[in-house]
Amino acid sequence: GSVAVTLAFKVVIPARLNSSRLPGKVLRDILGRPMIAHVWAAACQTGADEVIVATDDVQVEAACRRFGATVCMTRADHPSGTDRLNEVAEQRGWSADTLLVNLQGDEPLMPPALVRQAASLLASDAEADIATLAHPLHDDAEFADPNVVKVVQDVRGYALYFSRAPIPWWRDGAPRRPSALALRHIGLYAYRVGALAQFARLPAAELEVCEALEQLRALSHGLRIRLGVIDSPPPRGVDTEADLVAATERLR
């Protein structure tokens, strides 16, 4: 008969306290528990063999220890979340082929199945360094919005480019965009630890600086990003007071 292959991966939740738009965001209360507790609970339902909160803040550390999470204290001067992730992998001594999913600390509504899907996608493709998700974009306003990150893929399902601009651009200005081509990126990443270490050593790429999109550093240096296309978007992360209210209602 068929043998069920077990999927082994870690989830790391980077959780910084100082958020510009929503101060103290990851510790904000949702139904009597800090937001990070809801994210951690979701991560624990993914089937990961280890879930770690990575922070540089003692308040976040104390809150996480109270609800029983494993916490990894990291340096405060990381330029990006990816560098923080790499420090966790180094502290833990994880091997180069270990799979690691980055789940943001402000995503209390992220479905556990999607976290597992990103890990599974990477596990099933030996040529990929990173895996991430996207969904077809049907809304013209979102297509034009620079805060909505677009991605296009090649025939094998690897990311060709990520942009804040509307891509692909329909040359004749046809109003009907082919929905299958315009994809919205979902900021959930699975990495091989070896690729993560390589990524963290690379200098920022000019394209990355231009678009302010870290994943363009990976593409610029030839790392391969596998895309998983899902039908519809997961619930939004929390960036504003309004998002916090909406997330509370959904979790209720």
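Above this text is the structure in question.
Anyway, here's the lowdown on the structure attached to this text. A quick note: this is a predicted structure, and the numbers were derived from the prediction, not measured. (Residues numbered from 1 in each chain as written. Predicted model: local features only at pLDDT ≥ 70, side-chain atom pairs only at ≥ 80, totals over all residues. Heavy atoms only, no water.)

Structural notes on the overall build of the protein
Secondary structure assignment for the protein yields nine helices and eleven strands. Since a compact globule built from 252 residues should have a radius of gyration of about 18 Å, the 18 Å found for the protein is in line with a globular shape. Along the first, second and third principal axes, the C-alpha set of the protein runs to 60 × 45 × 45 Å. Within the protein, the fraction of its 252 residues that count as buried is 50%. Here the analysis covers contacts within the protein between residues at least 6 apart in sequence; of these, 68% occur between residues at least 24 apart. When the accessible surface of the protein is summed, it comes to about 12200 Å², and 52% of that surface belongs to carbon and sulfur atoms. Between the mean site of the 27 positive side-chain charges and the mean site of the 31 negative ones, the protein shows a separation of 2 Å. (Helix = DSSP H or I, 4+ residues; strand = E, 2+ residues; numbered from the N terminus. Rg over C-alpha atoms; globule rule 2.2 N^0.38 Å. Buried < 20%, exposed > 50% of the residue type's maximum accessible area, 1.4 Å probe, protein only. Contact = heavy atoms within 4.5 Å. Areas by Shrake-Rupley, 256 points an atom, 1.4 Å probe, with all protein chains shown as cover. Lys, Arg positive; Asp, Glu negative; His and termini not counted. Charge placed at Lys NZ, Arg CZ, Asp CG, Glu CD.)

Digging into the packing of helix α3 (residues 81–92) against helix α6 (residues 193–201)
Running from N to C, α3 and α6 cross one another at 130 degrees; their axes reach a closest spacing of 9 Å. When the axis of α3 is compared with that of α6, the two are oblique. The two elements α3 and α6 meet at a crossing, and its hand is left-handed. Where α3 abuts α6, its residues Thr-82, Asp-83, Leu-85, Asn-86 and Ala-89 lie against Val-193, Leu-196, Ala-197, Phe-199 and Ala-200. Class assignment of the residues belonging to the contact of α3 with α6 gives a composition of seven nonpolar, two polar and one charged. (Axes fitted to C-alpha atoms, helices over the stretch in contact; angles between N-to-C directions. Parallel < 35°, antiparallel > 145°, perpendicular 65-115°, else oblique. Left-handed = near helix turned anticlockwise from the far one by under 90°. Nonpolar A, V, L, I, M, F, W, Y, C, P; charged D, E, K, R; others polar.)

Here we look at the pairing of strand β9 (residues 159–163)
Here strand β8 (residues 150–153) pairs with β9 via four bridges, running antiparallel. Considered in β9, the bridge of Val-151 is made with Phe-162. (Pairing = 2+ DSSP bridges.)

Overview of α3
The terminal C-alpha atoms of α3 lie 17 Å apart, and with twelve residues this matches the ideal 16 Å at 1.5 Å per residue to within 8%. Inspection of α3 places Thr-82, Asp-83, Arg-84, Leu-85, Asn-86, Glu-87, Val-88 and Ala-89 among the buried residues, and these make up the whole buried set. Along its buried surface, α3 packs onto β1 (10–14), β4 (50–55), β5 (70–73), β6 (99–102), β10 (183–192) and α6. Taken from the residues just after α3, Gly-93 is the one with a positive phi, measuring 70 degrees. (Expected span 1.5 Å × (residues − 1).)

What to know about the side chain of Ser-80
The residue Ser-80 is located in the loop between β5 and α3 in this model. In this structure Ser-80 comes out as buried when scored by relative accessible area, which is 15%.

A look at the pairing of strand β7 (residues 130–136)
Buried residues dominate β7, accounting for seven of its seven residues. When β7 meets strand β11 (residues 225–229), the two strands line up parallel, connected through five bridges. When the bridges of β11 are listed, Ala-131 appears paired with Arg-226.

Section: the pattern of salt bridges
Counted according to the given criterion, the structure contains 17 salt bridges. Residues Arg-156 and Asp-154 are paired through a salt bridge, measuring 3.5 Å at the closest nitrogen-oxygen approach. Arg-156 gets classed as partly exposed once you look at its relative accessible area, which sits at 49%. Among the charged side chains, a network of salt bridges with common partners joins Lys-10, Asp-49, Glu-50 and Arg-92. (Salt bridge = Lys/Arg side-chain N within 4 Å of Asp/Glu carboxyl O.)

Let's talk about the environment of Pro-136
Mapped onto the elements, Pro-136 comes out in strand β7. Note: C-alpha distance between Pro-136 and Pro-233 (97 residues apart in sequence) is 8.6 Å.

Structural notes on the environment of Leu-17
With respect to the helices and strands, the residue Leu-17 is situated in the loop between β1 and β2 (29–30). Looking at Leu-17, the relative accessible area reads 13%, which means it is buried. Each C-alpha atom, one on Leu-17 and one on Val-60, is 7.0 Å from the other, the two residues being 43 residues apart in sequence. If near-sequence neighbours (up to four positions away) are discounted, Leu-17 is found in contact with Gly-24, Lys-25, Val-26, Leu-27, Asp-57, Gln-59 and Val-60.

Regarding the packing of aromatic side chains
As enumerated under the stated definition, the model contains two aromatic pairs in all. On the numbers, 5.4 Å between centres and 50 degrees between planes, the contact of Trp-40 with Phe-67 is tilted. Taken together, the residues span a long stretch of sequence, with Trp-40 in helix α1 (residues 35–43) and Phe-67 in the loop between α2 (58–66) and β5 at a distance of 27 residues. Lying across the ring of Tyr-158, Arg-226 places its NZ or CZ 6.0 Å from the centre. (Phe/Tyr/Trp six-rings, centres within 6.5 Å; stacked < 30°, edge-to-face > 60°. Lys NZ or Arg CZ within 6 Å of the ring centre and 35° of its normal.)

With respect to the environment of Val-245
Checked against the element boundaries, Val-245 lands in helix α9 (residues 241–251). By relative accessible area, which is 54% here, Val-245 ends up exposed. Taking the C-alpha atoms as reference points, Val-245 and Ile-186, 59 residues apart in sequence, are found 21 Å from one another.

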